[in-house]
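Report on the structure
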Amino acid sequence: MADYMKMIAQAQQMQERLQEIQDQLAHQTVVATSGGGMVTVTATGQGQVMAIKVDRAVINTDDVEMLEDLLLVAVADAQKKAAELAQEEMKKLTGGLPFKLPF
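Residues numbered from 1 in each chain as written. Predicted model: local features only at pLDDT ≥ 70, side-chain atom pairs only at ≥ 80, totals over all residues. Heavy atoms only, no water.

Closest axis-to-axis distance for the helix α1 (residues 2-27)/helix α2 (residues 64-94) pair is 10 Å, and the angle between their directions is 155°. When the axes of α1 and α2 are compared, the pair comes out roughly antiparallel. Between α1 and α2 lies a crossing whose hand is right-handed. Side by side, α1 and α2 meet where M14, R17, L18, I21, Q24 and L25 of the first sit next to L85, A86, E89, M90 and L93 of the second. Grouping the constituent residues of the contact of α1 with α2 by class yields eight nonpolar, one polar and two charged. (Axes fitted to C-alpha atoms, helices over the stretch in contact; angles between N-to-C directions. Helix = DSSP H or I, 4+ residues; strand = E, 2+ residues; numbered from the N terminus. Parallel < 35°, antiparallel > 145°, perpendicular 65-115°, else oblique. Left-handed = near helix turned anticlockwise from the far one by under 90°. Contact = heavy atoms within 4.5 Å. Nonpolar A, V, L, I, M, F, W, Y, C, P; charged D, E, K, R; others polar.)

Okay, structure coming up:
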């Protein structure tokens, strides 16, 4: 019975630490660019896009597809960086065990 109680206590501690990590990720940011810095995307460590900046030089009404592509690349890169940051934080909790995040 003592082992069971110890296991429950450890699970609760791990759950609390997971919540702390998620809170930290919400306050950390990652930045990604595309087009040589013409488009910049800032996202939280959870992957939520917070800001997008577009250099006026890239705005061309005759080539909207290029701007769309630059935006897509920068957003995808920001989300990838956020996922990598989250994985690094999770490694601290799991001791390097393979672990997939729920987001």
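We now examine the environment of M14. Along the chain, the position of M14 falls in helix α1. Its relative accessible area of 43% is what places M14 among the partly exposed residues. When the C-alpha atoms of M14 and Q79 are compared, they prove to be 25 Å apart, with 65 residues separating the residues in sequence. (Buried < 20%, exposed > 50% of the residue type's maximum accessible area, 1.4 Å probe, protein only.)

Let us now look at α2. In a regular helix each residue adds 1.5 Å, so 31 residues correspond to 45 Å; α2 covers 45 Å between its end C-alpha atoms and thus fits that length. The secondary structure elements touched by the buried residues of α2 are α1, β1 (29-34), β2 (39-44) and β3 (49-54). Backbone geometry just downstream of α2 places G95 in the positive-phi region, at approximately 70°. (Expected span 1.5 Å × (residues − 1).)

With that settled, the discussion passes to the sheet that holds β1. The strand order across the open sheet built from three strands is β1-β2-β3, with neighbouring strands paired in antiparallel fashion. Only two strands of the sheet have a single partner each, and these edge strands are β1 and β3. With direction set aside, neighbouring strand axes in the sheet form an average angle of 15°. Those strands touched by α2 are β1, β2 and β3, and its axis lies near 150° from that of β1. (Pairing = 2+ DSSP bridges.)

Attention now moves to the pairing of β1. Of the two faces of β1, the one holding V30, A32 and S34 is buried and the one holding T29, V31 and T33 is not buried anywhere. Pairing of β1 with β2, which is carried by six bridges, proceeds in the antiparallel orientation. Residue pairing in the sheet places A32 in a bridge with V41 of β2. Counted along the chain from β1 to the antiparallel partner β2, the turn is four residues long, and its residue G35 has a positive phi close to 65°.

We now examine a nonpolar patch on the surface. Taken together, the side chains of V49, I52, V54 and I59 present a nonpolar region at the surface, about 300 Å² in accessible area. Examined against the element boundaries, I59 turns out to sit in the loop between β3 and α2. (Patch = residues over 30% accessible without salt bridge, like charges linked within 9 Å, V, L, I, M, F, W, Y side chains within 5 Å. Areas by Shrake-Rupley, 256 points an atom, 1.4 Å probe, with all protein chains shown as cover. Salt bridge = Lys/Arg side-chain N within 4 Å of Asp/Glu carboxyl O.)

As paired elements, β2 and β3 share five bridges and run antiparallel to each other. Bridged to A43 within β3 is V49. Hairpin geometry of β2 and β3 is characterised by an intervening segment of four residues between the two adjacent antiparallel strands and by a positive phi of about 90° at G47.

Time to look at the nonpolar core. Grouped together as the largest cluster of nonpolar side chains are 12 residues: V30, A32, V39, V41, A43, V58, L67, L70, A74, V75, A78 and A82. Those elements that place two or more of their residues in this core are β1, β2 and α2. Take this core: its biggest share by element is six residues, from α2. If we ignore the near neighbours within four places in the chain, the residues touching V75 are V41, V49 and I52. Grouped together as the second largest cluster of nonpolar side chains are five residues, I21, L25, A86 and L93 included. (Core = buried A, V, L, I, M, F, W, Y, C linked by side-chain atoms within 4.5 Å.)

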